[in-house]
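What follows is each chain in one-letter form.
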Amino acid sequence: MTQEPQQALYDFKPQHDFFVGIDSDGCVFNSMEVKHNDCFSVNVVKHFGLASISRQVHQAWDFVNLYSTMRGTNRFKAVLLVFDYLREMSLVQKMGLEIPQLPHLREWTETETKLGNPALQEAIDAASGERHDELSHVMQWSLGVNESVADIVYNLPPFPGVREALQRLQGKADVIVVSATPDEALKREWDEHNIDQYVALIAGQEMGTKTEHLTITTKDKYPENHVLMIGDSPGDLKAGRSVDALFFPVNPGAEDTSWAHFLDEGIDRFFNGQYAGKYEDELLSKFQELLPETPPW
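(A) Local environment of the pattern of salt bridges. One pass over the full model with this rule turns up 13 salt bridges. A salt bridge links Asp23 to Lys210, with the shortest nitrogen-to-oxygen separation between them at 3.4 Å. On the criterion of sequence distance, the pair formed by Asp23 in the loop between β1 (18–22) and α2 (32–47) and Lys210 in helix α11 (residues 210–218) is long-range, its members being 187 residues apart. You can call Asp23 buried: its relative accessible area is 5%. Taking the shortest distance from any N to any O, the salt bridge between Asp236 and Lys210 comes out at 2.4 Å. Of the two residues, Asp236 is situated in helix α12 (residues 234–242) and Lys210 in helix α11; the sequence distance between them amounts to 26 residues. In terms of burial, Asp236 and Lys210 fall into one category: buried. Beyond isolated ion pairs, a larger network of salt bridges with shared partners links Asp23, Lys210 and Asp236.

(B) Looking closely at the nonpolar core. Within the largest apolar cluster, 39 residues are counted, with the highest numbers of intra-cluster contacts made by Val44, Leu50, Val79, Phe83, Leu86, Leu105 and Trp141. Elements that contribute at least two residues to this core include exactly α2, α3 (54–65), α4 (75–88), α6 (103–111), α7 (117–125) and α8 (129–152). A total of eight residues in this core trace back to one element, the largest contributor, which is α4. Apart from residues no more than four positions distant in its own chain, Trp141 is found in contact with Phe40, Asn43, Val44, His47, Phe48, Trp61, Arg75, Phe76 and Val79.

(C) Molecular detail of α3. Its 12 residues place the ends of α3 16 Å apart at the C-alpha level, agreeing with the 16 Å of an ideal helix rising 1.5 Å per residue. Looking only at α3, the buried set comprises Gln56, Val57, Ala60, Trp61, Asp62, Phe63, Val64 and Asn65.

(D) Summary view of empty space enclosed by the protein. Taken as a whole and judged by the stated rule, the model has one cavity of 30 Å³ or more. Volume-wise, the largest cavity comes out at about 40 Å³. Taken together, Phe29, Ser31, Val153, Tyr154, Leu156, Glu189, Glu192 and His193 form the lining of the largest cavity. Among the residues making up the lining of the largest cavity, the classes are represented as four nonpolar, two polar and two charged.

(E) Representation of the sheet that holds strand β5 (residues 246–249) within the structure. Strands sit in the order β3-β2-β1-β4-β5 across an open sheet of five strands; the sheet is parallel. Every other strand in the sheet has two partners, leaving β3 (201–203) and β5 as the edge strands with one partner each. The average undirected angle you get between the axes of adjacent strands in this sheet is 20°. As paired elements, strand β4 (residues 227–231) and β5 share four bridges and run parallel to each other. The residue of β5 that forms the bridge with Gly231 is Pro249. Along the sheet, α12 makes contact with β4 and β5, crossing β5 at roughly 165°.

(F) Here's a closer look at the layout of surface pockets. Considering only enclosed or pocket space, the largest pocket measures out at about 620 Å³ in volume. Around the largest pocket sit 28 residues that line it, and Gly72, Thr73, Asn74, Lys77 and Thr209 are the ones nearest its centre. Elements supplying a minimum of two residues to the lining of the largest pocket: α4, α6, α11 and α12. The biggest single contributor to the lining of the largest pocket is α12, with five residues. Looking at the lining of the largest pocket residue by residue, the class counts come to seven nonpolar, 13 polar and eight charged. Around the second largest pocket, the lining is made up of 27 residues, and of these Asp25, Phe40, Ala180, Thr181 and Pro182 lie nearest the centre. Every element with two or more residues in the lining of the second largest pocket is listed here: α2, α3, α4, α8 and α10 (183–192). At four residues, the largest contribution of residues to the lining of the second largest pocket is made by α2. Of the residues belonging to the lining of the second largest pocket, the class tally is nine nonpolar, nine polar and nine charged.

(G) Looking closely at the environment of Ile152. Its place among the elements puts Ile152 in helix α8. Taking the C-alpha atoms as reference, Ile152 lies 28 Å from Ile99; in sequence the two are 53 residues apart. For Ile152, the contacting residues outside a window of four places in its chain are Val34, Asp38 and Cys39.

(H) Molecular detail of unusual backbone geometry. Even without being a glycine, Asn155 presents a positive backbone phi close to 55°. For Asn155, the location among the structural elements is in the loop between α8 and α9 (162–169). Classification of Asn155 as exposed rests on a relative accessible area of 60%. Of note, the phi angle at Asn194 is positive, near 55°, even though the residue is not glycine. For Asn194, the location among the structural elements is in the loop between α10 and β3. By relative accessible area, Asn194 is classed as partly exposed at 43%.

So, how was this worked out
- Residues numbered from 1 in each chain as written.
- Predicted model: local features only at pLDDT ≥ 70, side-chain atom pairs only at ≥ 80, totals over all residues.
- Heavy atoms only, no water.
- Salt bridge = Lys/Arg side-chain N within 4 Å of Asp/Glu carboxyl O.
- Helix = DSSP H or I, 4+ residues; strand = E, 2+ residues; numbered from the N terminus.
- Buried < 20%, exposed > 50% of the residue type's maximum accessible area, 1.4 Å probe, protein only.
- Core = buried A, V, L, I, M, F, W, Y, C linked by side-chain atoms within 4.5 Å.
- Contact = heavy atoms within 4.5 Å.
- Expected span 1.5 Å × (residues − 1).
- 1 Å grid on protein atoms, 1.4 Å probe; cavity = no way out; pocket = protein on both sides within 12 Å on 5 of 7 lines; lining within 4 Å.
- Points joined across faces, edges and corners; volume = space filled by probe spheres on them.
- Nonpolar A, V, L, I, M, F, W, Y, C, P; charged D, E, K, R; others polar.
- Pairing = 2+ DSSP bridges.
- Axes fitted to C-alpha atoms, helices over the stretch in contact; angles between N-to-C directions.

The following block contains the structure:
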């Protein structure tokens, strides 16, 4: 019998008075650019026949996934957002190109929380006709992305400061990975650089949303202001706030500086009870200025 994907979250037991959740892509690893530019968007072009607007696909994909408030969005929600943006672009409209609507994928993303390939396969197995064909098409794209990631994304060490931060958290805080990346890629990347030893659990998209990861592992288990989420996207902030966690932003484009600041000041403030309030507010203000809501086209 297959183990419930979230069982490891429910089995998690606090060992310390403090808890730290850490995102992976773009936060621990400088993997956002290479994954999105060389793995995700090229497979969108390939699997959905969009070679004639390749530049626009890359532009829309990068805006959604790298350079906007949507940064860090789950891949299946992201492809819907990208297609919505593409339909609004004047060049795409002038060309008369039909951008896939993917209504069945949209419905699935609105009702399923474990937005990974296993749950998608279950939906495919239960479907027929157009729904089956559409979701199968999306699955081929997602599998293509995973193949590209496995082929391309390696020899990519953590940002400077990450390993030292993880070491300083040892013995003081329970640390888990909270990510929307597939479990396989997460475990491979953390193992490759021998930093998986510093975390109690690696939770990816198959275990549900980041909010679910944090809710299951922290709710009613830690004192006030003893839970911290470290992330690089508004989605990480939202997930952290859903469980009343403090938030430390790893600023896109200034990741090494962010980790240095965490080591120099943030980590001590967290453990000393001096994090909430003015200090955190100033960090969030700078972070939120970096990511726009409106596309440049």
